[in-house]
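# Structural characterization, general
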Amino acid sequence: MPGRRKFQNMGILRQNKDRDYITVLEREIRTAMIAPTHYEMFVEVLQSAPQPGVRSITAKNVDLDQERISTVADLLSMPSAKWKFINLENKHVQAEGAKTLAKMLHINVALVSINLNGCAIQDEGATAIAEALKSNETLVILRLQENEIKSTGALAIADSLKENNTLAILDLQNNEIDDIGAHAFVHALNGDDDIGNTAMAALALDLNPITIGLEDLEQILKRNRELHMSYQLGEKMLFMDTIENSESKGPWNRAKLMIVGQGKAGKSATVRSLLGESFNEKWDSTIGVNLTQVRSRNNNKGSNSQWDKEDNSVSFASKLAADITVSNIRPEGEVLPGKNLGSRFKQKVQQIRDLESNYQAWKQKKKKKKRVRFDDAPVRVIEDNIPPADPVPEVKKKSGIQEYDSKLLFDVIRNRNALEFTIWDYGGQNIFYTLHHLFLTSYGVYLLVFDMSQVVRYNEIRNVTNTLKFWLNSIQIHAPGAPVLIVGTRLDTIESETQFRDLDELMIPLVERGNFEDVVKNINGRYYFPLDNTTREGISDIQETIERVTREQSFVKQLVKLSWLQCLDTMLESVNPWLSLPDVVSIGEKIAGITSSVEIDDMLALFHELGMVLHFTGTDALNQIVIIQPQWLIDKIGCVIKDPDIHDFPSSVQESGLTEELNTFLESGIISKDLVQHLWRGEQVDFLVDLMRRTLILSDWKFSKEPMFLIPSMIIEESRHDLDALESGKAICLFDFSDGFLPLGVFERLVCLLVQHSSSNDGSKQPQLGRNFSHIYLNKRNGVELLIVQDPVDQVVKLLVSEPEDASLCFNIVIAIIRKINSEAMHNRLNYQLKFSSLESPKIFLDSDQAQLSGLKPWFGAHSGKDSIHNENHIDAETANLNAFMEYLDDL
């Protein structure tokens with residue numbers, strides 16, 4: 001076209017290639033692009049998650065008409081869309097296609113670059129894209145060559161640059177933009193406050209009919225490029241200083257997201273919906289717990305969130321160091337030095353230029369450090385004129401911090417609003433419930449999942465209510481104050497508003513009468529969030545609510561020492577799945593200079609609450625162990641504790657000749673050491689047995705010749721006795737939990753410790769065990785026997801004795817164990833009332849005070865003697881380690 005002015009200002013970011021993040025992005029486009037050969041493949045690739053290292057896709061070999069462009073836009077609008085770069089050059093996009101792509105840009109939070117060269121979008125399409133740029137916060141590169149864009153489109157794009165603060169490269173070559181459009185860009189970039197848009201670093205207007213000089217535009221872009229470089233120098237300097245400052249702190253923005261509820265209710269499918277993954281009806285049910293690290297982020301302009309699996313290639317410490325750096329140098333929401341800099345320009349530019357002018361001095365300061373060698377000790381760095389301290393043991397060079405990387409800073413800047421979650425997807429079968437005390441913590445949000453079709457189609461109201469009430473009570477015990485979202489799956493089965501009202505009539509009294517104040521309402525004021533996992537309908541409301549309530553939690557805003565995350569990164573480098581506490585103390589001293597045991601405890605408590613490690617502190621022995629691979633422990637426990645009706649044991653059991661041992665285990669909960677070694681493949685068997693023993697999941701079974709263990713939660717056989725007949729002629733002590741809650745696992749742990757105690761009494765008869773019944777024999781005095789019975793419906797545990805002289809002793813043993821369980825596994829939140837009956841009137845109960853005042857026999861009065869139930873020696877025993885506690889029971 002005649003009169004077109006050649007204006008070259010592209011390629012200006014080729015300097016300093018190793019540090020400039022715009023150049024890094026362009027390099028990614030060139031070297032990691034996938035090119036499907038036909039439309040069906042193109043759609044399939046768009047729908048799938050990109051392979052590691054591949055984030056670019058091109059339609060070079062694909063025919064795309066208007067309908068197909070609309071499909072592409074729809075796919076890129078999905079929360080699951082994670083492609084960063086897309087090339088639609090020379091495709092039949094036109095104005096209508098550009099409008100659909102513009103709608104996508106309002107929603108998408110992943111795209112960094114889009115190439116629409118030669119797409120004939122004209123002014124109408126350019127105007128639609130310009131409107132999208134006002135809200136989009138991720139796009140950095142936009143190519144619009146040869147699109148028949150005139151002044152109208154140019155004016156719209158220029159106007160969008162007054163609000164957009166992320167776009168850095170805009171290619172408008174070979175269009176029909178005239179002097180009016182050129183003036184508009186100068187005005188938009190220069191602004192009314194002498195600064196305007198500072199994000200735009202490259203604007204290409206070659207081969208447009210522009211006749212005026214563009215020296216002012218060139219000066220503005222030069223200013224912006226210099227500002228970018230100043231920022232980079234300042235960022236590197238601040239990043240390195242942040243690393244070297246042991247007191248550097250920043251919010252970690254991390255929480256634990258726990259998915260609990262009914263088995264087969266769709267918990268794992270809900271996780272897939274959160275991550276934007278497709279529904280898989282053949283997905284296997286969860287054994288134990290599955291852990292997933294994810295990051296959620298939204299575009300700050302709307303309600304659309306994107307949840308991705310977390311990139312584990314970058315250390316936790318590096319990400320926090322980058323976040324602290326960015327917080328110190330860029331305002332919230334500013335990806336590149338953008339328009340938000342406006343009113344602060346003079347102060348900020350001077351600050352950055354001061355940093356730049358001091359950069360060489362800063363490097364010289366680093367060179368002044370010298371290395372001093374100590375005899376038989378590794379190298380450490382010290383400052384001049386500072387006397388050397390004792391040599392530190394050698395540690396790995398990485399120590400949790402990576403080198404300065406502008407791409408890392410750029411990723412942090414783009415995701416300033418991100419939250420990071422460790423998702424714990426819990427198995428829903430009852431058999432796993434005894435493990436709750438190991439993994440339920442307060443630093444997170446709970447999704448309690450139930451199947452709405454069980455209510456509206458199958459009228460299983462009582463079962464659903466009991467399950468929800470059980471979980472709400474469990475969360476109150478193990479994680480009081482944690483927000484709970486009740487999620488109702490199978491939304492597709494709800495056919496009328498009447499059915500919603502039926503669900504409301506179930507939920508309102510359940511939540512309000514139960515005083516479950518931490519249950520969060522949805523946007524419609526309901527106590528549950530309807531969800532269809534097949535279509536993901538309802539997931540956006542759930543995502544937004546999770547993010548909102550998570551940001552309201554104080555622990556998310558808590559400032560975390562960078563040195564703590566350096567310790568965590570170093571701990572996670574271990575090839576072993578666990579470390580001893582002395583190992584962790586040594587890492588803390590070497591890596592972070594932590595010498596305080598209190599600080600180590602605080603650090604581990606935070607990591608445990610957030611699900612990064614497992615550190616149980618109920619006893620001294622447990623306190624000495626730090627599990628750095630929680631999934632490893634969960635998987636190992638899940639090898640032995642699982643529902644055989646749903647999850648098969650491996651066929652190798654039969655091949656190894658252990659079928660009889662497996663059958664015994666499934667019938668009685670008694671497992672041989674040979675079977676344990678086989679299921680755990682001989683890995684850390686003694687350690688795992690000891691851990692399960694100390695967490696009251698397993699006890700030794702010394703009533704056979706071969707080494708055996710009892711796992712009470714695996715006892716499935718009901719008692720063969722008539723329990724009513726057993727109660728006849730016996731005095732009963734009732735532990736009544738009906739005013740509170742009897743968690744699953746209390747009775748199993750009571751059995752566990754009673755069997756352990758019986759095993760330690762040489763000559764004791766073998767206990768008789770059932771699902772809710774245990775007959776325990778103790779070789780004390782002339783022989784002592786006690787029966788304990790659980791009634792899950794009435795929420796009671798009964799202690800039955802027939803010999804008057806044994807009553808107080810049996811009571812003291814049982815009450816000591818229950819207090820131990822309450823202290824170690826239930827956070828001292830068990831609420832129960834003691835009630836007693838006599839041998840003569842076993843059905844008439846008196847509360848503890850009444851029984852004591854009346855001298856109710858055999859519990860009080862003549863038979864109590866030294867075994868009085870007022871014995872208070874239990875106080876120390878509650879927190880003693882297992883061996884000391886068992887010795888305490890032996891001495892009763």
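Within any chain, residue numbers begin from 1 and follow the written order of that chain's sequence. Per-residue local features are limited, in this predicted model, to residues with pLDDT of at least 70; the limit for side-chain atom pairs, both in listing and counting, is 80 or more; totals at the level of whole chains, interfaces and linings are taken over all residues. The basis for every side-chain value is the complete set of heavy atoms in the structure, and neither hydrogens nor water enter the calculation.

### Concerning the overall build of the chain
A run of H or I in DSSP becomes a helix once it reaches four residues, and a run of E becomes a strand once it reaches two; helices and strands are each numbered from the N terminus. For the chain, the count of helices and strands is 34 helices and 30 strands. For the chain, the proportion of its 892 residues judged to be buried stands at 58%. Note on areas: Shrake-Rupley, 1.4 Å probe, and residue coverage restricted to the protein chains presented here. With an accessible surface of roughly 37,900 Å², the chain has 46% of that area assigned to carbon and sulfur atoms. Throughout this description, buried means an accessible area under 20% of the type-specific maximum (1.4 Å probe, protein chains only), exposed means over 50%, and partly exposed covers the range between.

### So, the packing of aromatic side chains
Paired rings are identified among Phe, Tyr and Trp, the last through its six-membered ring, by centres lying within 6.5 Å, and are further divided according to the angle between planes into stacked (under 30 degrees), edge-to-face (over 60) and tilted (the rest). In the structure shown here, the tally under the stated rule is 19 aromatic pairs. Ring centres of W578 and F687 lie 4.4 Å apart, and the angle between their planes is 5°; this geometry places the pair in the stacked category. A residue pair is termed long-range when its members are at least 10 positions apart, and W578 in strand 19 (residues 578-580) and F687 in helix 28 (residues 685-694) qualify at 109 residues. Accessibility expressed as a relative area gives 24% for W578, which makes it partly exposed. Residue class for F687 comes out buried when judged on its relative accessible area of 13%. Ring pairs connect the aromatic residues F735, F737, F811, Y832, F836, W859 and F860, which therefore count as one cluster. Look at NZ for Lys and CZ for Arg. If either is within 6 Å of the ring centre and within 35 degrees of the ring normal, a charge sits over the ring. Its end group placed over the ring of F649, K642 keeps NZ or CZ at 4.6 Å from the ring centre. Across from the ring centre of Y777, 4.4 Å away, lies the NZ or CZ of K765, which sits over that ring.

### A short note on unusual backbone geometry
For the bond from K857 to P858, the omega torsion is 5°, close enough to zero to count as cis. Examined against the element boundaries, P858 turns out to sit in the loop between helix 32 (848-853) and helix 33 (874-877). One non-glycine residue, N90, lies in positive phi territory at about 65°. Within the secondary structure, N90 is located in the loop between strand 3 (85-87) and helix 4 (94-107). On the basis of relative accessibility, which here comes to 52%, the residue N90 falls in the exposed class. Of note, E146 is a non-glycine position whose phi angle comes to about 50°, a positive value. With respect to the secondary-structure elements, E146 resides in the loop between strand 5 (141-143) and helix 6 (151-160). In this structure E146 comes out as partly exposed when scored by relative accessible area, which is 44%.

### Considerations on helix 31 (residues 807-825)
Here the expected span of a helix is defined as 1.5 Å times the quantity of residues minus one. In this model, helix 31 (19 residues) spans 26 Å end to end at C-alpha, consistent with the 27 Å of a helix rising 1.5 Å per residue. Extensive coverage of helix 31 is indicated by the burial of 17 of its 19 residues. Positive phi shows up at H827, right after helix 31, with a value of about 60°.

### Remarks on the sheet that holds strand 27 (residues 784-791)
Reading across the sheet, the seven strands line up as 25-26-27-28-24-29-30 and stay open at both edges, with antiparallel pairing between neighbours. With one partner strand each, in any of the chains shown, strand 25 (768-770) and strand 30 (846-847) form the two edges of the open sheet. Here the rule is simple: two strands pair whenever DSSP picks up at least two bridges between them. As judged from the six bridges shared by strand 26 (residues 773-778) and strand 27, these two strands associate in the antiparallel manner. Bridge pairing links I776 to L786 in strand 27. Lying on the sheet, helix 30 (residues 746-760) is in contact with strand 25, strand 26, strand 27 and strand 28 (796-801); it crosses strand 26 at an angle near 20°. The contact definition used throughout considers only heavy atoms, calling two residues in contact when any of these lie within 4.5 Å. In this analysis an axis means a line fitted to C-alpha atoms, helices contributing only their contacting stretch, and an angle means the value between N-to-C directions, from 0 to 180 degrees.

### Examining helix 4
In this model helix 4 runs 21 Å from its N-terminal to its C-terminal C-alpha over 14 residues, within 8% of the 20 Å that 1.5 Å per residue would give. Among all positions in helix 4, only A95, G97, A98, L101, A102, M104 and L105 are buried. Down the axis of helix 4, the sector holding all buried residues measures 165°, keeping them to one side. In this context, the arc is that of the directions from the helix axis out to the C-beta atoms.

### Section: the environment of K309
Note on placement: K309 falls in strand 11 (residues 305-309). Residues in contact with K309, not counting those within four places in the same chain, are L275, E277, T292, Q293 and V294.

### Looking at the packing of helix 4 against helix 5 (residues 122-133)
Where helix 4 meets helix 5, the closest approach of the two axes is 8 Å, and the angle between their N-to-C directions is 5°. The angle between helix 4 and helix 5 places the two elements in the roughly parallel class. Of helix 5, the residues touching helix 4 (which contributes A95, E96, A98, K99, A102, L105 and H106) are E124, G125, A128, I129, E131 and A132. Residues of the contact of helix 4 with helix 5, tallied by class, amount to seven nonpolar, two polar and four charged. When describing relative orientation, an angle under 35 degrees is termed roughly parallel and one over 145 degrees roughly antiparallel, while 65 to 115 degrees is termed roughly perpendicular and anything else oblique. Gly is placed with the polar residues, together with every amino acid not listed as nonpolar (Ala, Val, Leu, Ile, Met, Phe, Trp, Tyr, Cys and Pro) or charged (Asp, Glu, Lys and Arg).

### Some remarks on the side chain of N533
By the secondary structure assignment, N533 is in the loop between strand 17 (529-530) and helix 18 (539-551). There is a polar contact of 3.3 Å between the side chain of N533 and the side chain of T270. Sequence-distant contacts of N533, defined by excluding residues within four places in its chain, comprise G266, A269, T270, S273, F279 and T489. Counting of polar contacts relies on pairs of N or O atoms within 3.5 Å, with two restrictions inside protein: one atom must be capable of donating a hydrogen and the other of accepting it, and residues adjacent in sequence are counted only when both atoms are side-chain atoms.

### Brief notes about the side chain of S699
Counting through the fold element by element, S699 comes out in strand 22 (residues 699-701). Engagement of the side chain of S699 in a polar contact is seen with the backbone oxygen of C752, the distance being 3.5 Å. Each residue touching S699, except ones within four places of it in the same chain, is listed here: F709, L710, C752, V755 and Q756.

### A word on the pairing of strand 14 (residues 419-426)
Judged by how many residues are buried, strand 14 sits mostly within the fold: eight of eight residues are covered. Pairing analysis gives six bridges linking strand 9 (residues 254-261) to strand 14, with the strands arranged parallel. For M258, the partnering residue across the bridge sits in strand 14 and is W424.

### As for the sheet that holds strand 21 (residues 670-672)
Here we have three strands laid out as an open sheet, ordered 21-23-22, and antiparallel in their pairing. Each edge of the open sheet carries a strand with a single partner, namely strand 21 and strand 22. Across the sheet, the mean angle separating the axes of adjacent strands is 40° when strand polarity is ignored. Bridging between strand 22 and strand 23 (residues 708-710) involves three bridges; their strand directions are antiparallel. Counted as the bridge partner of D700 is F709 from strand 23. Its contacts with the sheet put helix 26 (residues 659-668) on strand 21 and strand 23, and the angle it makes with strand 21 is roughly 155°.

### As for the confidence of the model for the chain
Across the chain, the average pLDDT comes to 82, with 81% of residues at 70 or higher. Scored between 0 and 100, pLDDT is the confidence that the predictor attaches to each residue. Low confidence marks residues 1-19, where pLDDT is under 50. Its contacts with residues over four positions away, or in another chain, come to 56 contacts. Note on residues 337-349: pLDDT under 50 across the span, and 37 contacts to partners over four residues away in sequence or across chains.

### Concerning the environment of L744
Inspection of the secondary structure assignment puts L744 in the loop between strand 24 (731-736) and helix 30. Classification of L744 by relative accessible area gives partly exposed; the value is 26%. Remark: the alpha-carbon pair of L744 and N430, spanning 314 residues in sequence, is separated by 8.3 Å. With near-sequence residues (within four places) excluded, L744 lies in contact with N430, Y433, T434 and F470.

### Observations concerning the nonpolar core
The biggest cluster of nonpolar side chains holds 130 residues, and the ones touching the most others in it are I486, I641, F735, L799 and W859. Of the residues forming this core, the biggest block, twelve residues, is contributed by helix 31. Contact partners of I641, with chain neighbours within four places excluded, come to I431, F432, L435, M692, I697, I711, S713 and M714. For our purposes a nonpolar core is just a set of buried Ala, Val, Leu, Ile, Met, Phe, Trp, Tyr and Cys residues, chained together by side-chain atoms within 4.5 Å. Within the second largest apolar cluster, 65 residues are counted, among which are L409, C567, M612 and V626.

### Points about the packing of helix 24 (residues 630-640) against helix 28
Packed helices, taken two at a time, are described by the angle their axes make and the gap between the axes. Helix 28 packs onto helix 24 with a crossing angle of 85° between their chain directions and a minimal axis gap of 12 Å. The angle between the axes of helix 24 and helix 28 places the two elements in the roughly perpendicular class. Together, W632, L633, K636, I637 and V640 of helix 24 and F687, L688, L691 and M692 of helix 28 make up the contact between the two elements. Residues of the contact of helix 24 with helix 28, tallied by class, amount to eight nonpolar, no polar and one charged.

### Section: the pattern of salt bridges
Any Lys or Arg side-chain nitrogen located within 4 Å of an Asp or Glu carboxyl oxygen qualifies as a salt bridge. Per the counting criterion, the structure on display carries 24 salt bridges. Between R490 and D451 there is a salt bridge, with the nearest N and O atoms lying 2.6 Å from each other. One end of the pair, R490, is in the loop between strand 16 (484-489) and helix 17 (497-513); the other, D451, is in strand 15 (residues 444-451), and 39 residues separate them in sequence. Among the residues examined, R490 registers a relative accessible area of 32% and is labelled partly exposed. Among the charged side chains, a network of salt bridges with common partners joins E131, K134, D159 and K162.

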